[in-house]
Amino acid sequence: MATAAQQAGVGVQLLTGSEVMANVVRLADVDVITAYPIRPYDTVMQYVSRFISNGEFDADYIPAESEHGQFEIVKHACACGARVFTGSSGVGWLYAMEPLAVTAGLRLPMVALVGCRALDDPGAFGTEHNDAMLVRDLGWLITFPDAAQEVVELGLLAYRVAEDPKVFLPCAIAMDGAFLTHSQATVRLPSQEQVKKFLPPYNRGDMLLHPDNPITIAPQANEDWLMEVRRQSSEAAKRAYTVLKDAHKDFCRIFGESTNPFLDEYMTEDADVVLCGLGTLSLPVKVAIREMRKEGKKVGLVRLKWFRPFPTEELRASLSRFKAVGVVDRDYSFGSPFHGGILLNEVKAALYGLDKQPRVKGFVCGLGGREVLLENVKHMADEILAIAKSGKADTQVEWIGVRG
Amino acid sequence: MSGETLYQIGTQQLPLMGKVNAIPQKAVEEYYTSGHRTCQGCESALIMRLMAKAAGPRTIILGSTGCMYVANTTYYSTPWVVPWMHTQLGSCGSAATGTAAALRALMRKGKMKQEPINVISFCGDGGGVDMGVAGISAALMHAEYNHLIICYDNESYANTDIQISGASPWGANTTFTPPGKKFRIMHTRWKKNIAALYAVGHTRCNYVATGDASFPADLIDKVRKGLATPGPAFIHTLDPCPKGWDYDPFYSHKLGELAVETGLFPLWEMTNGELTYTGISARLVYGNRKRRPVREYLEAQGRFHHFTEEDYAYFQGEVDKMWDNWSMPGVIPFKLGEDPAKKKK
């Protein structure tokens, strides 16, 4: 049986999100990879390790002793000029929280897969976005692919943008556990030549840790310098927006796919209302929209492909076209404004100050991997349509598909 | 220096010191210089200096959070002449593995010039005896990566105000274990036998040693041997700390000597499965010299000033056990038992 790598570039294949990510890692010629088991991200390492053992690409592949070790190893490899890949899920990702914070502080372009998973306890393997979202304030770029094919685009962009010297920030590829990590879909993988054209070698420049460049990295800065260092990170995070936009143009030129770098809009041209969310939510929403359209309900979808950099301007331009917006969170933020999810509050903040603001209502659904059913989506869309019709604000955040 | 054995240390062929007066001739250059803010009498700073001196210029040094990070590397006044990078308190081993892995992968793939580069990762007793044990343990199992891990042990979390660590000696007064009216002895655990733990549990690690800045030639030689030995290596040093141990900085060197002379901290090295005691410790083991009473060492330090006769006796008794009952004094704390088949009869 031909392996995925052998088949690369020869048309369409049936692959899981994890398998596509493993292929991106292979095509990107990653140098150092660390693994530690936790579901559901770990399937990517099962594919990566098979590539390594079959000699399909050359990397130092290290199964580590914990997530802390896992992320520290690649952090240091990255400082020495190695392109790296690692990943985790749920509480494993949190076990690595210390390296996650310092990697961003050190401006190291680590690329990591988060197989989004509920934070135990109580035990749950299913998708929730709180794990990935926990690095949103630290300088990490965060992207949420919605389908296996999009992992090619966002995975390659992750390396390209993170390693751009104007950015030098780590990037998390947040994949919905099971729904994307383990679900097969038809995918067209790019060729090695295409990837070479798109992705220049990682060059750490004058920040390389090497005897030829005897620098001291991360000394004590304290109140004398830390604020300037933080400001530099903030500027890098701002620049990530433009770098991503330019890189996306290159991506379209070389691979001929994708349309918008930041937003995936579905049936929005004539929509009265839209639902707004992240990741694989788009699947049931798109199906529900098609069914609702038959009933004459003008519903659309605006999905954010990137959560960091947050596409503020794009989102303001897009959402101000509609009468009402339903923000669907697959996460929670207990005790936050209106007890809404993280995405809701970020979207609301982005829209604040617009002359023409849509009404925004928040929903929390699909926690712990609970399936978002067509009837759930239709219910949310009907709520938004009702708000659009009445024009009245509704700040109540509704939990969808929850018992009791 | 004809006829002398040279060790491959990074890109250089370097000799061993043997005696302390060889250092000014054989290891002149300093790679850890001015710019640090360590305390007067800090033996850990001396470990840093000797370690960098031994390794030479083609070296990458990684330092875990601790005194030798916080007091050593202030922005704009680094003492490190060689490239240096901070690593987290619990990631000394991971830093060594990651750095060595990057060098190996990049050189193999033709992305970096082929040359041997020394990788040294250091941590204090917090990083080497408490928090970082799992990472160091993992790092010592990777026979394919060349690096040296040094645990500079000043027997407390000295940078954060002298709190107890897994390496603090029994009974010591630390800010987390102050002697009081109800409990004279708040710290009731014996110091971890950390170098032996790493040596015994990591059979692919071919070089493990203990060192002490009071014996600088011995230490430089151990660093050079550790770096020249293929695969990972580990060195544990005992560093008298005026602030944490509560004594006049003038006595740092003396206390370093006493720790060895009393038998509390034997100097040894394990090379490719063979254990050798070095310096004074060898003379103590082979009966050419007698151990000094441990009381001389304890009485010189304020952290033991609350000790009673009973405490001194207990401490001496535990040290005696290390020498009289252990199969290898101060290293292997057990002996081969009787054949159970014979026992039945």
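Computed from a predicted model, the values in this text were never measured in an experiment.

## Details of the overall build of chain A
When helices and strands are counted, chain A shows 14 helices and 16 strands. On C-alpha atoms alone, chain A measures out to a radius of gyration of 21 Å, which is about the 22 Å that the 2.2 N^0.38 rule sets for 404 residues. With respect to the three principal axes, the spread of C-alpha positions in chain A is 70 × 60 × 45 Å. Buried positions account for 59% of the 404 residues belonging to chain A. For chain A, contacts bridging at least 24 residues in sequence account for 80% of all contacts bridging at least 6. For chain A, the exposed surface amounts to about 15800 Å²; the carbon and sulfur share of it is 53%. Of the side chains in chain A, 43 bear a positive and 51 a negative charge, and the two mean positions are spaced by 7 Å.

## Notes on the layout of surface pockets
Residue and element names in this part refer to chain A. The computed volume of the largest pocket comes to approximately 1400 Å³. Along its surface, the largest pocket is lined by 43 residues, and Gly-105, Leu-106, Arg-107, Val-229 and Ser-233 are the ones closest to its centre. If you list the elements that add at least two residues to the lining of the largest pocket, you get helix H6 (97–105), strand S9 (216–217) and helix H10 (222–255). A total of 11 residues in the lining of the largest pocket trace back to one element, the largest contributor, which is H10.

## Quick look at the interface of chain B and chain A
Between chain B and chain A, the contact holds 44 residues from the first and 38 residues from the second. Taken together, the two surfaces of chain B and chain A that pack against each other cover about 3300 Å², and 61% of this comes from carbon and sulfur. Contact with chain A buries surface across chain B, with Tyr75(B), Met85(B) and Gln88(B) losing the most and accounting together for 19% of the total. There are 8 salt bridges connecting chain B and chain A. One salt bridge in this structure joins Arg104(B) and Asp60(A), with 2.8 Å as the shortest N-O distance. Seen at the junction of chain B and chain A, the total is 22 residue pairs in polar contact (both at pLDDT 80 or more).

## Some details on the domain arrangement of chain A
Residues and elements named next belong to chain A. Here chain A is described as being made up of domain 1 (4–255) and domain 2 (263–399). Centre-to-centre, using C-alpha coordinates, domain 1 lies 28 Å away from domain 2. Contacts between the two partners involve 32 residues from domain 1, matched on the other side by 25 residues from domain 2. For the pair domain 1 and domain 2, the two sides together bury roughly 2400 Å², of which 58% comes from carbon and sulfur. By the criterion of area lost to domain 2, the three top residues of domain 1 are Arg-136, Asp-146 and Phe-179, representing 22% of everything that side buries.

## Here we look at the sheet that holds strand S7 (residues 171–176) of chain A
Residues and elements named next belong to chain A. The 7 strands lie next to each other as S3-S2-S4-S5-S7-S6-S13, forming an open sheet whose pairing is mixed. Strands at the two margins of the open sheet, each flanked by one partner only, are strand S3 (60–63) and strand S13 (306–308). This sheet shows a mean twist of 20° between the axes of neighbouring strands, independent of strand direction. In the sheet, strand S4 (residues 84–88) pairs with strand S5 (residues 111–116) via 4 bridges, with the strands oriented parallel. When the sheet's bridge partners are listed, Phe-85 is paired in S5 with Val-111. Lying over the sheet, helix H8 (residues 148–162) contacts S4, S5, strand S6 (141–143), S7 and S13, oriented at roughly 165° with respect to S7.

## Let's talk about helix H6 (residues 133–140) of chain B
All names here are of chain B. Buried within H6 we find Gly-135, Ile-136, Ala-139 and Leu-140. The buried residues of H6 all sit within an arc of 130° when viewed along its axis, so they share a single face. Those residues of H6 that are buried lie in contact with helix H4 (92–108), strand S5 (118–124), helix H5 (125–130), strand S6 (147–153), helix H7 (194–201) and strand S8 (232–238).

## Here we look at the packing of aromatic side chains
Tallied over the full model, the rule gives 31 aromatic pairs over all chains. Taking the centre distance of 5.5 Å and the plane angle of 85° together, the rings of Trp225(A) and Tyr76(B) count as edge-to-face. Here Trp225(A), found in helix H10, pairs with Tyr76(B), found in the loop between helix H3 (67–70) and strand S4 (84–87), and the two come from separate chains. The class of Trp225(A) is partly exposed, set by a relative accessible area of 31%. Classification of Tyr76(B) as exposed rests on a relative accessible area of 65%. In this structure an aromatic cluster arises from ring pairing among Trp170(B), Trp190(B), Phe304(B), Phe307(B), Tyr312(B), Tyr314(B) and Phe315(B). Against the face of Phe125(A) rests Arg39(A), its NZ or CZ located 4.0 Å from the ring centre. Here the guanidinium or amino end of Arg303(B) rests over the ring plane of Trp245(B), the centre of that ring lying 4.0 Å away.

Cut-off values and rules
- Residues numbered from 1 in each chain as written.
- Chains lettered and ligands numbered in written order.
- Predicted model: local features only at pLDDT ≥ 70, side-chain atom pairs only at ≥ 80, totals over all residues.
- Heavy atoms only, no water.
- Helix = DSSP H or I, 4+ residues; strand = E, 2+ residues; numbered from the N terminus.
- Rg over C-alpha atoms; globule rule 2.2 N^0.38 Å.
- Buried < 20%, exposed > 50% of the residue type's maximum accessible area, 1.4 Å probe, protein only.
- Contact = heavy atoms within 4.5 Å.
- Areas by Shrake-Rupley, 256 points an atom, 1.4 Å probe, with all protein chains shown as cover.
- Lys, Arg positive; Asp, Glu negative; His and termini not counted.
- Charge placed at Lys NZ, Arg CZ, Asp CG, Glu CD.
- 1 Å grid on protein atoms, 1.4 Å probe; cavity = no way out; pocket = protein on both sides within 12 Å on 5 of 7 lines; lining within 4 Å.
- Points joined across faces, edges and corners; volume = space filled by probe spheres on them.
- Buried area = accessible area lost by both parts, 1.4 Å probe.
- Salt bridge = Lys/Arg side-chain N within 4 Å of Asp/Glu carboxyl O.
- Polar contact = N/O pair within 3.5 Å; in protein donor to acceptor, adjacent residues only side chain to side chain.
- Domains from an automatic or database assignment.
- Pairing = 2+ DSSP bridges.
- Axes fitted to C-alpha atoms, helices over the stretch in contact; angles between N-to-C directions.
- Arc of directions from axis to C-beta.
- Phe/Tyr/Trp six-rings, centres within 6.5 Å; stacked < 30°, edge-to-face > 60°.
- Lys NZ or Arg CZ within 6 Å of the ring centre and 35° of its normal.

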